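The chain contents come next:
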Amino acid sequence: EPLRYAGRIVKKIGSYTSGKTENNKLISDNKLPSPSSPLLDEFYTISALQRTLEEEEEFSFNVKFSIVVPLYNTPLDFLEEMIESVQNQTYKNWELCMADGSDVNHSQVGEKVQELALKDKRIKYKKLEQNLGISENTNACIAMATGAYIGLFDHDDLLHPSAIYEVMQQICKN
């Protein structure tokens, strides 16, 4: 079952929700819970036993993953949920690199990330002097990255708690 959970990313844009199943087949919008539904929590929840087993697994080598996220005027609820979904990973050797091109009316984006970065040193943040567009903002994130693997992530995405763990399992198998 390669990358069993890695495809479980739900992109939230307003009230629109789409995603992929374990088999990487598209799920129609009406089969996924809405972003405000408690069912979405279940979609991103694993059992305590599964979490413990994954967190305690020792891999044959230690790989750091850099999750890069360009930010631009990100709604705070999306930002907090995205960061929390990365922090909740069962595989813990990751860094979250965020470059922020938000305008002056959205300074709360940087303030929130800096507050969270003080509590979790795996979170890296850079305020860009200007919005350079998604490609150049992403390049600024990549410039901060020190991991062996880079994962591209949008500011309104969520990761299943086992996503990086599952990728790490596949890396160790190959």
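Residues numbered from 1 in each chain as written. Predicted model: local features only at pLDDT ≥ 70, side-chain atom pairs only at ≥ 80, totals over all residues. Heavy atoms only, no water.

## Details of helix α5 (residues 133-144)
Reasoning step 1: With 12 residues, α5 ought to run about 16 Å at 1.5 Å a step, and its terminal C-alpha atoms sit 17 Å apart, in line with that.
Reasoning step 2: Of all the residues in α5, the buried ones are Asn 137, Thr 138, Ala 140, Cys 141 and Met 144. Each buried residue of α5 sits inside an arc of 155° when the element is viewed along its axis, so together they form one side. Exposed residues pointing more than 90 degrees away from the buried face of α5 are listed as Ser 135 and Ala 143.
Reasoning step 3: On its buried face, α5 sits against β4 (65-71), β5 (94-100), β6 (123-127) and β7 (149-152). (Helix = DSSP H or I, 4+ residues; strand = E, 2+ residues; numbered from the N terminus. Expected span 1.5 Å × (residues − 1). Buried < 20%, exposed > 50% of the residue type's maximum accessible area, 1.4 Å probe, protein only. Arc of directions from axis to C-beta. Contact = heavy atoms within 4.5 Å.)

## Quick notes on the nonpolar core
Reasoning step 1: Membership of the largest hydrophobic core comes to 27 residues, with the highest contact counts inside it found for Leu 71, Met 82, Ile 83, Leu 96 and Met 98.
Reasoning step 2: With 5 residues, helix α6 (residues 163-173) is the largest single contributor of residues to this core.
Reasoning step 3: Setting aside chain neighbours within four positions, we find Met 82 in contact with Val 69, Leu 71, Leu 96, Met 98, Phe 153, Asp 154, His 155, Asp 157 and Leu 158.
Reasoning step 4: Residues Val 68, Cys 97, Leu 128 and Ala 140 belong to the second largest nonpolar core, which totals 7 residues. (Core = buried A, V, L, I, M, F, W, Y, C linked by side-chain atoms within 4.5 Å.)

## Points about the confidence of the model for the protein chain
Reasoning step 1: The pLDDT averaged across the protein chain works out to 82; a share of 75% of its residues lies at or above 70.
Reasoning step 2: The low-confidence segment residues 1-34 (pLDDT under 50) makes 80 contacts with residues lying over four places distant or belonging to another chain. (pLDDT = per-residue confidence, 0-100.)

## Notes on the environment of Asp 154
Reasoning step 1: Relative to the helices and strands, Asp 154 is located in the loop between β7 and β8 (157-159).
Reasoning step 2: Judged by its relative accessible area of 24%, Asp 154 is partly exposed.
Reasoning step 3: Considering only alpha carbons, one finds Asp 154 and Met 82, 72 residues apart in sequence, at a separation of 8.6 Å.

## Concerning the pairing of β4
Reasoning step 1: β4 sits mainly inside the fold: 7 of its 7 residues count as buried.
Reasoning step 2: By the alternation rule, side chains of β4 split into Phe 65, Ile 67, Val 69 and Leu 71 and Ser 66, Val 68 and Pro 70, which are all buried.
Reasoning step 3: Relative to β5, β4 runs parallel, the two sharing 7 bridges. Its bridge partner being in β5, Pro 70 is matched across the sheet by Ala 99.
Reasoning step 4: Taken together, β4, helix α3 (residues 76-87) and β5 constitute a β-α-β crossover, and its handedness is right-handed.
Reasoning step 5: Bridge analysis of β4 against β7 gives 4 bridges, and the strand direction is parallel. Opposite Ser 66, over in β7, you have Ile 150 as the bridge partner. (Pairing = 2+ DSSP bridges. Right-handed = clockwise from strand over helix to strand, strands pointing away.)

## Some points on the pattern of salt bridges
Reasoning step 1: For the structure shown, the criterion picks out 8 salt bridges.
Reasoning step 2: One salt bridge in this structure joins Lys 92 and Glu 55, with 3.6 Å as the shortest N-O distance. Of this pair, Lys 92 sits in the loop between α3 and β5 while Glu 55 sits in helix α2 (residues 48-56); the two residues are 37 residues apart in sequence, bridging distant segments of the chain.
Reasoning step 3: With a relative accessible area of 37%, Glu 55 lands in the partly exposed category.
Reasoning step 4: Across the pair Glu 95 and Lys 64 runs a salt bridge, and its minimum N-O distance is 3.9 Å. (Salt bridge = Lys/Arg side-chain N within 4 Å of Asp/Glu carboxyl O.)

## Side note on the side chain of Asp 157
Reasoning step 1: One can find Asp 157 in strand β8.
Reasoning step 2: Owing to a relative accessible area of 8%, Asp 157 belongs among the buried residues under this scheme.

## Side note on a nonpolar patch on the surface
Reasoning step 1: A cluster of nonpolar residues, Ile 142, Ile 150 and Leu 152, forms a patch on the protein surface that exposes about 280 Å² of accessible area.
Reasoning step 2: With respect to the helices and strands, the residue Ile 142 is situated in helix α5. (Patch = residues over 30% accessible without salt bridge, like charges linked within 9 Å, V, L, I, M, F, W, Y side chains within 5 Å. Areas by Shrake-Rupley, 256 points an atom, 1.4 Å probe, with all protein chains shown as cover.)

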